[in-house]
Amino acid sequence: MTGASPARTVVLIHGLWMTPRSWEKWTERYRAQGHRVLAPAWPGVEGEVEEIRRDPSRIAGVGLREVVAHYEEVVRGLDRAPVLMGHSFGGAVTQILLDRGLGSAGVAIDSAPVKGVLPLPYSTLKSAWPVLGNPANASRAISLTPRQFHYAFTNTLGEAESAAVHARYQVPGSARMLFQGAFANFHPRAAAKVDFRNGRRAPLLFIAGGADHITPPKVNRANWRRYRKSPAVTDYHEFPGRSHFTLGQDGWEEVADYALDWAVRHDHGSL
């Protein structure tokens, strides 16, 4: 069990439309087991949810390169290699950091795809369309309405419960991040590019939710399979019936424990 494992440093990387608050249950659980847990905010997403909503201008224009550089600085400043866990776009950031030789193990949860991952399911497009549907959004910070959030994040919840989740966690997100991810396959120097053949990176686990609308299992499996020619450990696990809000949806403890148990078992202590 995770609680009996030697203490680790765990760096949690949140996704678009979220803040470190999205990890609050995982942070408490891991710390109670004796682990050191860091959940830094993206540049421009520092502070409380309510404060960010009042002034989202600082988020507008933040891109993937800036986010990756921020977390790279955090990780390189640690005295030992941490376990990296990222949710949604944080999963893509985790993949990029591992490719750069950082981290002792990585877990990409409901991961946004990196360059080279081709499937684009209808539910993914519909979830992102409130942003991608207007090219003028590219330099803006865009919120999801409660209805849009319900479809994209919390489709397994009732309307009232979804509205409560939206009120607690959702913040405007940098549309630039979403445009960079969506069009990565059309740019040879895309910020979301990794070396799928890299055999020196730390072990990587993909966790998918069977009911996820933003990044359905088809997307996560396609991302996982791109690493098949790498000798580095790359695993995949799917939790049936889980939405994109897997960090807080009932039963989140099972996902949190599986993620950390896997990372501890595969931790190779590199930085």
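Quick summary incoming for the structure in this document. Small disclaimer: the values here were computed from a predicted structure and weren't measured.

Scoring rules and cut-offs
- Residues numbered from 1 in each chain as written.
- Predicted model: local features only at pLDDT ≥ 70, side-chain atom pairs only at ≥ 80, totals over all residues.
- Heavy atoms only, no water.
- Pairing = 2+ DSSP bridges.
- Helix = DSSP H or I, 4+ residues; strand = E, 2+ residues; numbered from the N terminus.
- Axes fitted to C-alpha atoms, helices over the stretch in contact; angles between N-to-C directions.
- Contact = heavy atoms within 4.5 Å.
- Salt bridge = Lys/Arg side-chain N within 4 Å of Asp/Glu carboxyl O.
- Buried < 20%, exposed > 50% of the residue type's maximum accessible area, 1.4 Å probe, protein only.

**Considering the sheet that holds strand β8 (residues 234–239)**
- As summarised here, the arrangement of the 6 strands in space is β2-β1-β3-β4-β7-β8, forming an open sheet in which the pairing is parallel. The open sheet has two edge strands with one neighbour each: β2 (36–38) and β8. When the angles between neighbouring strand axes are averaged without regard to direction, this sheet yields 15°.
- Bridge count between strand β1 (residues 9–13) and β2: 3 bridges; the pairing is parallel. Residue pairing across strands places Thr 9 opposite Arg 36, the latter belonging to β2.
- The sheet strands contacting helix α4 (residues 89–99) are β1, β3 (83–87), β4 (105–109) and β7 (204–209), and the helix crosses β3 at an angle near 145°.

**Some thoughts on the pattern of salt bridges**
- One pass over the structure, following the stated rule, counts 11 salt bridges.
- The salt bridge involving Glu 48 is made with Arg 21; its shortest N-O contact spans 2.7 Å. Of the two residues, Glu 48 is situated in the loop between β2 and α2 (49–54) and Arg 21 in the loop between β1 and α1 (24–32); the sequence distance between them amounts to 27 residues.
- Judged by its relative accessible area of 13%, Arg 21 is buried.
- A salt bridge links Glu 51 to Arg 58, with the nearest nitrogen and oxygen atoms 3.8 Å apart.
- Taking relative accessible area as the criterion, Arg 58 reaches 31% and is therefore assigned partly exposed.
- Taken together, the shared-partner salt bridges connect Arg 8, Arg 80 and Asp 267 into one network.

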